[in-house]
Each structure stands twice: as C-alpha cells, then as structure tokens.
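# Working through the structure, step by step
Spelled out from the first residue to the last, the chains are:
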Amino acid sequence: MHDSQSTTGPATTMEHEAHNPALRHHFADAQQQKNAASLGMWLFLVTEIMFFGGMFCAYLVYRLAHFNAFAAGSQQLNIWMGATNTAVLIVSSVTVVLAVKAAEAGKRKVLVGYLVVTVLLGMTFLVIKGFEYREKFEKHHVPGPTFNFTDKFDDNGKQIPVNPKEAELFFSLYFAMTGMHALHMIIGCGLFTVLAVLAWKGHYNPGYFTPIENAGLYWHLVDIIWIYLFPLLYLISRHS
Amino acid sequence: MASTVIPANRAPAPTPKLNYLNNGHTLKSWLLTTDHKRIAVLYLISVTAFFFLGGFFAMLIRLELLTPQGDLMQADTYNKVFTMHGIIMVFFFLIPVVPAVLGNFLVPLMIGAKDLAFPRINLLSWYLYIIGGILISHVMLTGGVDTGWTFYTPFSTEYTNTKIVEAGLAVFIAGFSSIFTGLNFIVTIHRMRAPGLTWDRLPLFIWSNYATSLVMVLGTPVVAITIVLVAVERLFHLGIFDPRLGGDPLLFQHLFWFYSHPAVYIMILPSMGVVSELIACFARKRVFGYKFVALSSVAIAVFGFLVWAHHMFVAGISLYAAMIFSFLSFSVGVPSAVKVFNWTATLYKGSISYATPMLYAFGFIGLFTMGGLTGLMLATIGIDVHVTDTYFVVAHFHYVMVGGVLMGYLGGMHFWWPKITGRMYPEAWAKLSALLVFVGFNLTFFPQFILGYVGMPRRYWQYPPEFQALNVLSTAGASILAAGYLLPMIYFVWSLRYGKIAGANPWHAAGLEWKTTSPPPTFNFDETPVVTWEAYNYDEIPPWERRAPVAR
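Notes on the structure in this doc start here. As the structure is a computational prediction, the values presented were derived from the model and not from experiment.

## A word on the overall build of chain B
Scanning chain B from N- to C-terminus turns up 15 helices and two strands. Relative to its length of 552 residues, chain B is compact, with a C-alpha radius of gyration of 23 Å against a globular reference of 24 Å. Along the three orthogonal principal directions, the C-alpha set of chain B runs to about 70 × 45 × 45 Å. Counting all 552 residues of chain B, 63% fall into the buried class. Across chain B, every contact between residues at least 6 apart in sequence was considered, and the portion connecting residues at least 24 apart equals 83%. For chain B, the separation between the mean place of its 32 positive charges and that of its 24 negative charges on side chains is 13 Å.

## Quick look at the overall build of chain A
A count of helices and strands for chain A gives eight helices and zero strands. Reading the helices (α) and strands (β) of chain A from amino to carboxyl end gives α-α-α-α-α-α-α-α. Looking at chain A as a whole, 51% of its 240 residues qualify as buried. Within chain A, contacts between residues separated by at least 24 positions form 79% of all contacts whose residues are at least 6 apart in sequence. Entry remark: accessible area of chain A is about 11,100 Å², with carbon and sulfur atoms responsible for 67%.

## Quick word on the interface of chain B and chain A
If you look at the interface, chain B gives 47 residues, while chain A gives 38 residues. Together, the buried faces of chain B and chain A total about 3,800 Å²; carbon and sulfur atoms form 73% of this surface. The largest per-residue losses of area from chain B upon contact with chain A belong to Lys114, Arg191 and Phe523 of chain B, which jointly make up 15% of the total buried on that side. Our count for the chain B to chain A interface comes out at zero salt bridges. Remark: the boundary between chain B and chain A carries seven residue pairs in polar contact (both at pLDDT 80 or more).

## Describing the pattern of salt bridges
Should their charged atoms come close, side chains of opposite charge can pair. One pass over the structure, following the stated rule, counts 12 salt bridges over all chains. Across the salt bridge formed by lysine 165 of chain A and glutamate 168 of chain A, the nearest N and O atoms sit 3.8 Å from each other. Here lysine 165 of chain A and its partner glutamate 168 of chain A are both found in helix H7 (residues 164–200), three residues apart, which amounts to about one turn of the helix. One salt bridge in this structure joins glutamate 427 of chain B and lysine 431 of chain B, with 3.8 Å as the shortest N-O distance. One end of the pair, glutamate 427 of chain B, and the other, lysine 431 of chain B, are both in helix H14 (residues 427–453), four residues apart, so they sit about a helical turn from each other. A residue is classified by how much of its surface remains accessible, and glutamate 427 of chain B, at 3% relative accessible area, is buried. Classification of lysine 431 of chain B by relative accessible area gives partly exposed; the value is 30%.

## So, the packing of aromatic side chains
Centre distance and the angle of the planes are the two values used to describe a pair of aromatic rings. Scanning the model with the defined rule gives 64 aromatic pairs over all chains in all. Relative to phenylalanine 149 of chain A, the ring of phenylalanine 147 of chain A has its centre 6.3 Å away and its plane inclined at 5°; by these criteria the two rings are stacked. Positioned over the ring face of tryptophan 200 of chain A is arginine 108 of chain A, at 4.9 Å from the centre of the ring. Of note, arginine 38 of chain B hangs over the ring of tryptophan 30 of chain B, and the distance from its end group to the ring centre comes to 4.0 Å.

## Considerations on unusual backbone geometry
Residue and element names in this part refer to chain B. A cis amide bond links threonine 153 to the next residue, proline 154, at an omega of -5°. With respect to the element layout, proline 154 can be found in the loop between helix H4 (119–141) and helix H5 (155–159). That bond from serine 518 to proline 519 is cis: its omega, -15°, falls within 30 degrees of zero. Structurally, proline 519 can be placed in the loop between helix H15 (468–498) and strand E2 (528–530). The phi dihedral of lysine 349 falls on the positive side, at around 60°, and the residue is not glycine.

## Observations concerning helix H7 (residues 204–236) of chain B
All names here are of chain B. With 33 residues, H7 should cover 48 Å at 1.5 Å per step; its first-to-last C-alpha distance of 47 Å lies within 8% of that length. Where H7 bends most, at glycine 219, the angle is about 30°, and the proline proline 221 comes one to four residues later. Counting buried positions along H7 yields 28 of 33 residues, so the element is predominantly enclosed. A positive phi of about 55° marks histidine 237, the residue just after H7.

## A short note on the environment of leucine 378 of chain B
All names here are of chain B. Turning to its location among the elements, leucine 378 is positioned in helix H11 (residues 356–379). C-alpha of leucine 378 to C-alpha of proline 426: the two residues are 48 residues apart in sequence and 40 Å apart in space. Each residue touching leucine 378, except ones within four places of it in the same chain, is listed here: Phe313, Asp384, Val387, Phe392, Val393 and His396.

## So, H4 of chain B
Structural remark: α-helix, 3.6 residues per turn; residues separated by three or four positions point the same way. Residue and element names in this part refer to chain B. In this model, H4 (23 residues) spans 33 Å end to end at C-alpha, consistent with the 33 Å of a helix rising 1.5 Å per residue. Regarding H4, the residues found buried are Pro119, Asn122, Leu123, Ser125, Trp126, Leu128, Tyr129, Gly132, Gly133, Ile136, Ser137 and Val139. Among the residues trailing H4, glycine 143 stands out with phi positive, at a value near 130°.

## Some words on a nonpolar patch on the surface
All names here are of chain A. A surface patch of nonpolar side chains, about 530 Å² in accessible area, is lined by Ile90, Val94, Leu98, Ile224, Ile227 and Tyr228. Broken down by secondary-structure element, the contributors of at least two residues to the nonpolar patch are helix H5 (79–105) and helix H8 (210–235). Relative to the helices and strands, valine 94 is located in helix H5.

## As for the packing of helix H2 (residues 36–64) of chain B against helix H13 (residues 391–421) of chain B
Residue and element names in this part refer to chain B. Orientation of H2 relative to H13, taken along the N-to-C sense of each, is 150°, at an axis distance of 14 Å. As H2 runs across H13, the sense of the crossing is left-handed. Across from Val41, Leu44, Val47, Phe51 and Arg62 in H2, the residues of H13 making contact are Tyr391, Leu406, Tyr409, Met413, Trp417 and Ile420. The residue inventory of the contact of H2 with H13, partitioned by class, reads 10 nonpolar, no polar and one charged.

About the cut-offs
Residues numbered from 1 in each chain as written. Chains lettered and ligands numbered in written order. Predicted model: local features only at pLDDT ≥ 70, side-chain atom pairs only at ≥ 80, totals over all residues. Heavy atoms only, no water. Helix = DSSP H or I, 4+ residues; strand = E, 2+ residues; numbered from the N terminus. Rg over C-alpha atoms; globule rule 2.2 N^0.38 Å. Buried < 20%, exposed > 50% of the residue type's maximum accessible area, 1.4 Å probe, protein only. Contact = heavy atoms within 4.5 Å. Lys, Arg positive; Asp, Glu negative; His and termini not counted. Charge placed at Lys NZ, Arg CZ, Asp CG, Glu CD. Areas by Shrake-Rupley, 256 points an atom, 1.4 Å probe, with all protein chains shown as cover. Buried area = accessible area lost by both parts, 1.4 Å probe. Salt bridge = Lys/Arg side-chain N within 4 Å of Asp/Glu carboxyl O. Polar contact = N/O pair within 3.5 Å; in protein donor to acceptor, adjacent residues only side chain to side chain. Phe/Tyr/Trp six-rings, centres within 6.5 Å; stacked < 30°, edge-to-face > 60°. Lys NZ or Arg CZ within 6 Å of the ring centre and 35° of its normal. Expected span 1.5 Å × (residues − 1). Bend = angle between axes of the 7 residues up to and from the residue. Patch = residues over 30% accessible without salt bridge, like charges linked within 9 Å, V, L, I, M, F, W, Y side chains within 5 Å. Axes fitted to C-alpha atoms, helices over the stretch in contact; angles between N-to-C directions. Left-handed = near helix turned anticlockwise from the far one by under 90°. Nonpolar A, V, L, I, M, F, W, Y, C, P; charged D, E, K, R; others polar.

Here you go:
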C-alpha cells in the first residue's frame, strides 16, 4: 500500500484538507470523495437490482406458465411469519435512518445504539425465516427427492389441479429468491456489526459518515427487495 | 485547490527520476498497489498469459481440423478444447483486455485525475480476476468442461459429467471483477474529471469506456444470477431450466444472451475508442462528427441490450419475436456505421502518417466492417436459419472479436507503450507484425465464411473430405497469425531495456495523458491540469509538428 504517500501526498492540492484523516489522497476534497462514494453505492445497488431481476423474471415467466401450481404453492406459505418479517424489516429501515441522523448529529452512543438495534432486527428476520424454512422441511416442501405436494385445496376447500413438478418449481424459486435475500441480510448484519464497532471507536463524525449512509442505502435496497418478494410469493395468489 | 493552466500543446518537463514504475521495487509494492497504472500492468501480464493459453487451445483446434478425420484427439477432448478456448478468450481475455489494461491505465490520465475513484476496489477486481483465472485453470487441469462457453441447458444441468459448477464459479467471480471495473470507471468519469474537462471535451476513448461500463454494470449481474441458477439446479436437482420438471431451457438462453450479447459490445466498444484516438492522432485532425461518435457509443450500449434473441432464431421463439429482434439487430448497425463513416471522414484531407498503431487502426476499420456487415446478414432471419451453427457464424464473430477487438488493442498497446514504459518499440518489427496479423487473420478466417456457407457445422472434430482445402488454408493462416502475435511479445520485452527513450509525447499527440511524463509519476500530474480546449485540438499544433513522427 502507499501508506507513506497517502499521508504525505502532493501538498499542492490538499494542504487545507490535510487535517482530515478520512480523505484519501486522490480526491481533491471531502465533498468529491463523498459524492464519488455515494454514486458508487447507487451503481452497486443497480447491479443488485439486475442480479435479483433475473430471478424475478424467471418467477414471472413460470407463474404465467404454471399459474395453478404457483397459486397452490403460494397458499402453503406462512403468511403470518411473512407479514411479521415485513414489519420487522420496515422497522429496521427506520432504525437505519435514525442511525444516519445520529451520525449526522455526531451522537456517537445513539448511533451505535441504532446500529445494534438494526442488527438485532435483521437477526430477528433471519430467525423467523429459519422457522419458516423448518416448516417447509416438515411439510416436505423442500425441492428434491423428498418433495411431496399433496395439499391441493385452496382456502375455500376448492380443489386445484396441480402438477407436483410445477409446484416444486414454485418452491425452487421460493428458496432461491428468499435464500439469496437472506444471504444479503446476513451480509448486511455483518456490515452493520463492523460499522457499530468502528462507530464505537469514534471513526465517524458529522464531517465524515459516508460508510454509515452507504450501508444504509444497501439495507434499504435489501428491504425493498423483500417488499416485492412478500406480495409476489405470499399474497397475490390469495385473493378469493 | 492550486492548479495551473497548461497550454494545450506545450511539452512538459523532462522525465523525473521517480515514476510509477520505480516507486517501490518489492513484489509487495506491486501486489498490494492501489496505483491504477500498476494495476493496469498487473492486468497486462495476466490477460497476456490467458491470451496465449486461449491461443494454445485455438492452435489445437486448428491442428485437429487440418485433416478430415479425428486423428489428433477424440470427440470428447475436442469438445473440451473448444470450450476452454471460448471460456478463456471470452471471459478472461476479450472482456477485460481493453478496459482493464488500457482503460485502467488511461482513464485517470485522460481526465486529469490522480487515480480511479476507488483504488482499492480496483485492486480487488484484479484479485477477483486472478481467483477466477486460477479456478478456470484448475478446471482445465482436472477434466475441463464440454458444453461450449455458452453452458446451454439442459446439457449443462442434466447430462454432462464435466466441471460445470467450478467453471461457472470461475466465470461468476471474473464477472464481479468486470462489474467493479465498470462501476469504478463510471464514478471516476462522473466525479473525477479535471476542472474544465466538460463532457463534450472528453476523449472518445473515455466515452467508449463509459458506455462499456454501463453495459458491464447492467449486464454482468444477470449472467451472474443465471450461472447461480444453473449451479443450484445442478447441485440440488431443481427444475428451473429442466422441461421435465416444468422449467424452460429457453429461459436460460434468454437470460444468458441478455448479458452475453451486450458482452460483445463490452469487448468492441473500448477498441472503437482506441481507434478514434489513433485516427485523430495519425491523421492530425479532430474526429469528424465528435458528438455523433461519442453518442454512438452510448447508443450501441443501449441498443445492444435489445437484440439478444437473434442468437435464438432457431431455438423455438415465435416468428413475431424473431422479426422484432431481427429489426432491432439491424438498428445496432446504425451507430456502428456512424463510427466507421466518421473515421473515414476524419481521414479525408488528414495529414496521415503510417505508424504501426495507424496500421492497426486501418486493419480494425476493414475487418470490423466485414464482421459488422456479415452480422447484418446473420440478423436476417432467412440467412441465419441457413447458416446457424456453421463456420459462417464462427468467421463472423472472429472478424469482430479478433479482427476488431484485438486489432484495436494491439494498436492501442503500440500507441501507448511509450507512455506505459517510457520506451519506444522497434518500428520496423512492429510493422512486420502488423502485416503478419492482418494477413494471417484473413487467411485464417475468410475461408471459414465459405466453409460455413457451404455447410460445415461448427464444434465438430471431423468433417467431410471436400472441406479440407479451405481448412488447410485456415490452419496455415492461424500459424501466421500466431507468429504475428508472438513477435510483439518479444520486441515489447526487448524494448523495455533497449528501446529508444520515448519522451513525454513521442507522437506529438493531443490528450492529457501526453502532457505528463513517460512513464507518469505515481500521482499522474504534478499539478492538476485545467482544461480549456476541445479534444483533438490538432489545429492548434505548430506546422512543423503537423505529421506524427514515426520512430525508427
């Protein structure tokens, strides 16, 4: 690393910024660095949308192709756990916003507090998701050799003709999408844990809290993906 | 911010002792560098290695096809050989080559920045590339893959016993390397431009890398998730692309080509940018229709996302869809033609000098035009149905990929070699190699157009004896081509020690990268430049510098 250079740097362009240890050598000033980091994060979120977009596309194509199986599969999901998780995530988005506010105001302990609460909420989500996965396992709704789909009745007791292979496809996509989402949640929890430790050590101040903001953007995106997953997987086939 | 106005074409101070190359000599100072120029050199070494690895497989293919019967290898081996050729050349050479080597080196220099916006992510992207490369080499040494570089389902998910998951992981990781490069470029071009360097003053190389980066950022995640789905399907026997389980193999092709067609623009756009720079410098003129050439890069990036299903005309998509995709594929021809016509118009009444980079630029224009026009033939549904999966298609994309991308890359390497190393390459040898590449290339691939048109299918290790004469020509051409590629390897390395000292601006070229020393200092510019002129202001060059000097 060019540690020696990044601290000495060419003095001509940045002597008035030399007191800011967070400013990296190749930026002219802190504002440029912040703008660059923010644009970079937004672009990263675009790549995430394209990444999940592939799965959303597959979901829509197969839902159109195998509507009955997808409707029947959807009704086997636990709507209460899903709804609770949605609420948990929305609250966690609020705590992230409050964390960013606290960072902006320079309130270190409040910042750390909100970050910790966010991590706890994220973990709550993952635990509930774990219970949901266990339920799928018990009902033999995990795709694979043990898969068994016998529940062919909707909420009104009306029988739905369903090809179990197509229902298995629904659960394949269910696990692929929620699994990929959960992976992002785990990464987010890890990220906020690190940020909480750094915030506790006083790395951030009202002049520099870009990592908190950017991690917040990431968390919001992961929330928004769930906000789409929840109706698509749990809700839209339930109307009677 | 303290900055000075540098007059447009004033030569800067002589080479200082300390530059990016000798600022630290340890291995660690290279492997942990965050200097975009050093990372470009790391990329240069690694993509060159993969180029010769991919070329080795190409030679095996050509040797096998020298005779009609399968004598060098069996069908299974041949399948693995052309698959490795494709995967290595596409994912580990063509996609990274120009952005990661020349782009990494030049984007900050051309816009007057000290570095890319995220130097550590830049280093990370090189490491991701290397991890992907090690993984694919591991796959190659422990059994290989036989699906072709396209990993079509259900063969890849259901039937083949080769290392799909590992190869997919390699491509997935290398894909993130390219996402990070694209993201870095976009942010850098938006946020790090020197004062006064407005969008309509940017060099066209920057515009084309910007368009490329858009495609990288938008397209690559889609192929990433597609590969994940293939791996998940293979590992857990899901049915996402398996028709017996309700899945649809066509969905795989749609998702795959949604990235992999735009990916060909990831490959060609940066080379187009290189050619714009070369033509302007060696014709001593501002590129004709600058704005159109700049925006045509963006137009290619946008249209490029709307044409993917022309790879699937015979796959069972509806005729209606096929007609729309055929029409849209034709429309990509418009911005591509804008570039070719504007380069030609730039040459008109230019003061042309025939240095090696310019020879490559001429080669690019001719070969890319051939590749592009045959692309229009393939976008025509009737012709496409006739020649699908024949050598006609192989010849077409090699004209674009090798005749286009590689010519642009080699032209750029010769042009900026003095900037990268501070030394000139030997001009006579370089001209010889440019000639060998051009002749060898045409001899290799032109016969394949004919072979394909008369019906020789691709991806077979045997063929009817009546195709032999043209195949022998093709193999002979490939040998000449190989010599043409090995030669620069030798004289570039030679020039590191014995080449003439280049000086800051050996071509008397415009562009900020020539206003700093060769090789540039670690932070590129001693003082942040302030730009007050348009790109390619060759009109302001004194008359005695009207022709680019050609080194001896």
